[in-house]
Amino acid sequence: MRKKRLLAFVLSSVIVCSALLAGCSGGSKEEKQPEPKAEQTEETKDESGEPAKVLDSGDVKVGISINALDAINNRQVFEMMQNKAEAAGYEYVATNANGTATQQSTDIENLVQQGCNVIVILNGDTEGLTNAVKEASEKGVYVISVESGYIPGISAYFAKNDFALASAMYMMLAGEMGYEGEIIATGHNDHPAIRARVNVQEAMLKEYANIKLVNRVTTGYPGTTELAYNGVESALQQNPDVKTIWCTFDLEALGAAQACEALGKKDIKIVGADGEIDVLRMIKDGKYIIATSVADLEATTDDVIQTVADLSSGAEVKMFHEMPFIMITEENVDEWIERTESYLKESE
């Protein structure tokens, strides 16, 4: 009984002390309410785990850096990004590196020095821009990659699923040749989209053993079409039984088609990507090129501008944004010729 009384005394003492301590530490419950978590910006973190930097919308300055303007889709996305940045009320600076990774790296450094706190990289070289992106992100600049591959330090990554696109391109050609016969393939290693398509070429050749690669033509930039023409012409002279040519984009496809025409090789079939007007016309006329593709640049640039707004407000954004693409064949080519001709006329 004595033990029970002692235990009751101890418990009551603890309760009294706790109450006294609570009273000394901050007043009544009504006087001190906890801050609502929803308003705490530190809930949003960047990749490093640090709180995301919040920018006032009037302080956002967007840098728009593109690698080159030779391909029609590059010109379109470059113009759209500038127009939509302006429409959103952002100050912006736009640069064109004319196909040189070193120059684009310098452009990015200059954009940071000019006070850009969000930089959109269009159609760049992943490896060549690694250091510039790293330095920009370390200075608190948000970097968005559009068709430039994943680069450490970026905040968002926009790209077509080039593995899916290439599968559609080359399965089409494999079917056209009955999954057997000789082919020429073109490509290079200077851009992530092109590398992905070359990787798909290699994977499909492993699967379909009766398709034989007789020559791989290495292209590049600048002079893509000429490089493809010279390489394909030489390869066709040495391998007259080639059935199809597996190109990675339209500038290569044009050079390959020109080589076929020069040698009178009318039965060879080719695919490309990007929707160049000359390619579209060849598809319509049934000459060499049977398909190309275009990305939905309107939807993509809208998504990029929204991502700029989300990043600058401190909101969380997803890393990968898939750019939708459309295959163009003889069934729908008339529509795309009309669209492309209208764009080219307006941009003159």
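Refer to the preceding data block for the structure.
Residues numbered from 1 in each chain as written. Predicted model: local features only at pLDDT ≥ 70, side-chain atom pairs only at ≥ 80, totals over all residues. Heavy atoms only, no water.

Neither face of strand E5 (residues 156-159) is open: one carries Ala-156 and Phe-158, the other Tyr-157 and Ala-159, and all of them are buried. Looking at chain direction, strand E4 (residues 142-146) and E5 are connected through three bridges and run parallel. Note on E5: the bridge partner recorded for Ser-145 is Tyr-157. The pairing of E5 with strand E11 (residues 320-322) spans three bridges and is classified as parallel. By the bridge assignment for E11, Phe-158 is matched with His-321. (Buried < 20%, exposed > 50% of the residue type's maximum accessible area, 1.4 Å probe, protein only. Helix = DSSP H or I, 4+ residues; strand = E, 2+ residues; numbered from the N terminus. Pairing = 2+ DSSP bridges.)

Moving on, we get to the pattern of salt bridges. Per the counting criterion, the structure on display carries twelve salt bridges. Where Arg-216 meets Glu-202, a salt bridge forms, and the shortest distance between an N and an O atom there is 2.9 Å. In this pair, Arg-216 is assigned in strand E7 (residues 211-218) and Glu-202 in helix H6 (residues 192-207), connecting sequence segments 14 residues apart. Overall, the relative accessible area of 28% leaves Arg-216 in the partly exposed class. Of the charged contacts in the structure, one is a salt bridge between Asp-334 and Lys-284, with a shortest N-O distance of 2.8 Å. Remark: Lys-284 occurs in helix H9 (residues 277-285) and Asp-334 occurs in helix H11 (residues 333-346); sequence separation between them is 50 residues. Through salt bridges with shared partners, one network takes in Lys-84, Glu-298 and Asp-302. (Salt bridge = Lys/Arg side-chain N within 4 Å of Asp/Glu carboxyl O.)

Before going further, it helps to examine the packing of aromatic side chains. Taken as a whole and assessed by the stated rule, the structure comprises four aromatic pairs. Centroid distance Tyr-170 to Trp-246: 5.2 Å. Interplanar angle 5 degrees. Geometry classified as stacked. Separated by 76 residues along the polypeptide, Tyr-170 in helix H5 (residues 162-176) and Trp-246 in strand E8 (residues 242-246) bring together distant segments of the chain. Its relative accessible area of 0% is what places Tyr-170 among the buried residues. Members of the aromatic cluster, joined through ring pairs, are Tyr-150, Tyr-157 and Phe-320. (Phe/Tyr/Trp six-rings, centres within 6.5 Å; stacked < 30°, edge-to-face > 60°.)

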